[in-house]
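A structural walkthrough
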Amino acid sequence: MKIGILSRNSKLYSTRRLVEAAKERGHEPLVIDVLKCYMNITANRPTVHSKIQGEVTQVDVDAVIPRIGASITAYGTAVLRQFEVGGVYSVNESIAITRSRDKLRAHQLLARKGVGMPITSYAHSVDATEDLIASVGGAPLIVKVIESTHGNGVVLAETNKAAESLINAFRSLDADFLVQEFIKEAGGSDIRCFVVGDRVIAAMQRNAAEGEFRSNLHRGGSAQVVKLKPEERALAVRAAKVMGLDVAGVDLIRSAHGPLVIEVNSSPGLEGIEKATGKDIAGSIIQYIEKDSKKGPNKPKGKG
Ligand code: ADP
């Protein structure tokens, strides 16, 4: 198969590994920078064009693997949609990526399907600060900027007073944010479940550095293999399914009342998980594409 990997940078670990794995399994991989693509939007033959080996040509692939960064979601998913309407198979469809990138929408969809999450309230410029704090059971609580990545916009307020000041500060930023119950018993750890199809193919526990509650590897957290309980596996697979994602990184935390989903990522990195578990995740993704693409393109999974 000709497999297009939609990625801005062919040197990135995940992109390199997908190229390698595709070659190993006898396919022809092609790294496509979505921002360098243009789309010819016509009713009969929608096409994508890009400069390939120095020449602008129509991109002709059988399947695509989207690795679209959060900062280019809009244009990236538009290019992906163009492939989809042109009949090209995509592992993770544009609609599912859009769903998972909008954290509020993702939370609403997961909640509607009964997927367990920490108690969460969303706000923009509320002046009902006390109520908002009470709605998640009071301090300690977490305030998160919606666009947060790598734990940057995630703050812990240990007292109601601190929570109030934080919420007031967020309000003045004119940004969407969420207020969430703090799961203290998680002890600064979370679990990344790597879901492919309807299976968790690998999982790692990430532990926060000393004095930190955020376990992001970018914040000095460390990773190790973890054995999942059956209910954790089932929850991760269900969360990916609700979002309609074939490939997803589902982050869970272990609370006193069972596992809770904190995030579903549509472009989960391969480096941390392959290094922590020693598994060939890229190979599993390619294998999944071989099988799933036989069912044909354009069967949107998930709803909403
Ligand atoms: P980001 O998307 O910026 O990484 P997350 O929501 O994943 O933000 O939060 C970053 C980290 O903070 C998580 O990996 C987890 O360790 C910790 N964390 C997030 N939410 C909670 C919570 N409700 N209770 C306890 N710890 C949390």
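Residues numbered from 1 in each chain as written. Predicted model: local features only at pLDDT ≥ 70, side-chain atom pairs only at ≥ 80, totals over all residues. Heavy atoms only, no water.

Let us look at the packing of aromatic side chains. Applying the stated criterion to the full structure yields two aromatic pairs. With a centroid separation of 5.6 Å and 50° between ring planes, the pair formed by phenylalanine 170 and phenylalanine 177 is classed as tilted. The pair formed by phenylalanine 170 and phenylalanine 177 is uniform in burial state, with each residue classed as buried. Their ring planes at 90° and their centres at 5.9 Å tell us that phenylalanine 182 and phenylalanine 213 sit as a pair that is edge-to-face. Here the residue phenylalanine 182 occupies a position in the loop between β11 (177-181) and β12 (189-196), and phenylalanine 213 occupies one in the loop between β13 (199-207) and β14 (222-225), the gap between them amounting to 31 residues. Taking relative accessible area as the criterion, phenylalanine 213 reaches 22% and is therefore assigned partly exposed. (Phe/Tyr/Trp six-rings, centres within 6.5 Å; stacked < 30°, edge-to-face > 60°. Buried < 20%, exposed > 50% of the residue type's maximum accessible area, 1.4 Å probe, protein only. Helix = DSSP H or I, 4+ residues; strand = E, 2+ residues; numbered from the N terminus.)

On to unusual backbone geometry. Of note, the amide linkage connecting alanine 139 to proline 140 takes the cis form, showing an omega dihedral of -5°. Mapped onto the fold, proline 140 is located in the loop between α5 (129-135) and β9 (141-145). Phi at glutamine 53 is positive, roughly 45°, even though this residue is not glycine. Residue placement: glutamine 53 occurs in the loop between β4 (47-52) and β5 (55-58). The exposed category is assigned to glutamine 53, whose relative accessible area is 80%.

Let us now look at a positive patch on the surface. A cluster of basic side chains, namely Arg199, Lys227, Arg233, Lys279 and Lys291, defines a positive patch on the protein surface. Note that arginine 233 resides in helix α7 (residues 230-243). Judged by its relative accessible area of 38%, arginine 233 falls in the partly exposed class. (Patch = residues over 30% accessible without salt bridge, like charges linked within 9 Å, V, L, I, M, F, W, Y side chains within 5 Å. Areas by Shrake-Rupley, 256 points an atom, 1.4 Å probe, with all protein chains shown as cover. Salt bridge = Lys/Arg side-chain N within 4 Å of Asp/Glu carboxyl O. Lys, Arg positive; Asp, Glu negative; His and termini not counted. Charge placed at Lys NZ, Arg CZ, Asp CG, Glu CD.)

Tracing the backbone shows threonine 15 in helix α1 (residues 13-24). Among residues more than four places away in sequence, those in contact with threonine 15 are Ile5, Ser7, Asn9, Ser10 and Val31. (Contact = heavy atoms within 4.5 Å.)

Attention shifts here to the domain arrangement of the protein. Domains assigned within the protein are domain 1 (2-92), domain 2 (119-182) and domain 3 (185-295). For domain 1 and domain 3, the distance between their C-alpha centres works out to 25 Å. Taken residue by residue, the interface counts 18 residues in domain 1 and 22 residues in domain 3. Note on domain 1 versus domain 3: buried area summed over both sides is about 1,700 Å², and carbon and sulfur give 58% of it. Sorting the residues of domain 1 by area buried against domain 3 places Tyr13, Tyr89 and Asn92 first, and these three jointly supply 36% of that buried surface. Taken together, domain 1 and domain 3 are joined by three salt bridges. Between arginine 17 and aspartate 280 there is a salt bridge, and its shortest N-O distance comes to 2.7 Å. Counting across the interface, domain 1 meets domain 3 through 13 residue pairs in polar contact (both at pLDDT 80 or more). Mapped onto the side of domain 1 that touches domain 3, the elements with two or more residues apiece are α1, β6 (63-66) and β7 (89-90). With six residues, α1 is the largest single contributor of residues to the side of domain 1 that touches domain 3. (Domains from an automatic or database assignment. Buried area = accessible area lost by both parts, 1.4 Å probe. Polar contact = N/O pair within 3.5 Å; in protein donor to acceptor, adjacent residues only side chain to side chain.)

This paragraph deals with helix α3 (residues 94-101). The set of residues buried in α3 consists of Ser94, Ala96, Ile97, Arg99 and Ser100. Looking at the packing, one finds that the buried side of α3 touches β6, α2 (73-85), α4 (103-112), α7 and β16 (258-265).

A word on the nonpolar core. Formed by 26 residues in total, the largest nonpolar core has its most connected members in Leu110, Cys193, Val200, Val250, Val261 and Val264. Looking at this core element by element, the count peaks at seven residues for α7. Beyond its immediate chain neighbours, meaning those up to four positions away, cysteine 193 contacts Val200, Ala202, Ala203, Leu228, Ala236, Ala248, Gly249, Val250 and Leu252. In this structure, Tyr89, Val247, Leu270 and Ile273 belong to the second largest nonpolar core, which totals 25 residues. (Core = buried A, V, L, I, M, F, W, Y, C linked by side-chain atoms within 4.5 Å.)

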